[in-house]
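# Structural characterization, general
Listed below are the residues making up each chain.
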Amino acid sequence: MKMGRTNNPREIDAKTQRRPSPAPVTPELHVLAVDDSIIDRKVIERLLKISSYKVTSVSSALRALEILGIEEGNSPSTANSFQVNMIITDYCMPDMTGYDLLKKIKENTGLKEIPVVIMSSENVPTRIERCLEDGAEEFIIKPVQLEDVKRLSEHISRTIKKSSGVAYSKRKQDIEDFESRKSANNRPRLRGS
């Protein structure tokens, strides 16, 4: 019989006489990246993937709207059939700006809770202020750095908590129940109890 840790989570560790703690369950976070520059799109895609995000990248705001189910001229949809946790978009793009994309998303009842981050190589204070006032979570000056991407996780986690509502509360309660049972099983027991 082997002593020490086991690879099977159902087996009991021979040294500690306890089952190993389960790995935390984390949902796969999905970001829609929108930029007309293939170089910038590849950079942001790589930075997001390094940070363990699932990434879908598109070359225009119109294509992003199509993927999200909001097409020009159509009434706003209430369902987000394409599940994303965040949208990061360039500000200056042909046909439709990132700001216009932001406004379309925030007008849509099914998508308005998704955080939108705007990127631009131009540091124009009035533009930045307008984007933030109209619902952008953040405005990043290009080139985007890994530190910028790491900051984005707080916007996503806040949105997941808000949008999951009952599901999030239930999962949190399940984890708390598991932790309390685990700690109760590790307490010394009195005879007769």
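Here, every reference points to the structure presented above.
All figures in this text were calculated on a predicted structure; none of them were measured in a lab.

### So, the pattern of salt bridges
Counted by the stated rule, this structure contains 8 salt bridges. Taking the shortest distance from any N to any O, the salt bridge between Glu45 and Lys49 comes out at 3.2 Å. Taken as a pair, Glu45 and Lys49 lie in helix H1 (residues 38–50) at a separation of 4 residues, close to a single helical turn. Using a relative accessible area of 13% as the deciding quantity, one classes Glu45 as buried. When the shortest N-O distance is used, the salt bridge between Arg63 and Glu66 registers 2.7 Å. With a gap of 3 residues between them, Arg63 and Glu66 both fall in helix H2 (residues 61–68), about one helical turn apart. Within the structure, one salt-bridge network assembled from shared partners comprises Asp35, Asp40, Asp90 and Lys142.

### Here we look at the nonpolar core
Residues Leu32, Val34, Ile87, Leu101 and Ile118 are the most contacted members of the largest nonpolar core, which totals 26 residues. Where this core is concerned, the elements lending two or more residues are strand S1 (30–34), H2, helix H3 (98–107), strand S4 (116–120) and helix H4 (125–133). Those residues within four positions of Leu101 in sequence are excluded, and the remaining contacts are Val34, Ala61, Ala64, Leu65, Ile87, Thr89 and Met96.

### Points about H1
With 13 residues, H1 extends 18 Å between its outermost C-alpha atoms, agreeing within 8% with the 18 Å of an ideal straight helix rising 1.5 Å per residue. Of the positions making up H1, those classed as buried are Arg41, Ile44, Glu45, Leu47 and Leu48. Angular distribution of buried residues about the axis of H1 spans 165 degrees; they occupy a single face of the element. Counted as exposed and oriented over 90 degrees from the buried face of H1: Ile39 and Arg46.

### With respect to the side chain of Glu138
Assignment of secondary structure puts Glu138 in strand S5 (residues 138–141). Under the relative-accessibility criterion, Glu138 is labelled buried at 13%. At a separation of 2.4 Å, a polar atom in the side chain of Glu138 contacts the side chain of Arg151. What Glu138 contacts, discounting residues up to four positions off in sequence, is Val116, Val117, Ile118, Leu132, Arg151, Leu152 and His155.

How each quantity is defined
- Residues numbered from 1 in each chain as written.
- Predicted model: local features only at pLDDT ≥ 70, side-chain atom pairs only at ≥ 80, totals over all residues.
- Heavy atoms only, no water.
- Salt bridge = Lys/Arg side-chain N within 4 Å of Asp/Glu carboxyl O.
- Helix = DSSP H or I, 4+ residues; strand = E, 2+ residues; numbered from the N terminus.
- Buried < 20%, exposed > 50% of the residue type's maximum accessible area, 1.4 Å probe, protein only.
- Core = buried A, V, L, I, M, F, W, Y, C linked by side-chain atoms within 4.5 Å.
- Contact = heavy atoms within 4.5 Å.
- Expected span 1.5 Å × (residues − 1).
- Arc of directions from axis to C-beta.
- Polar contact = N/O pair within 3.5 Å; in protein donor to acceptor, adjacent residues only side chain to side chain.

Any functional reading would require information that these geometric values do not contain.
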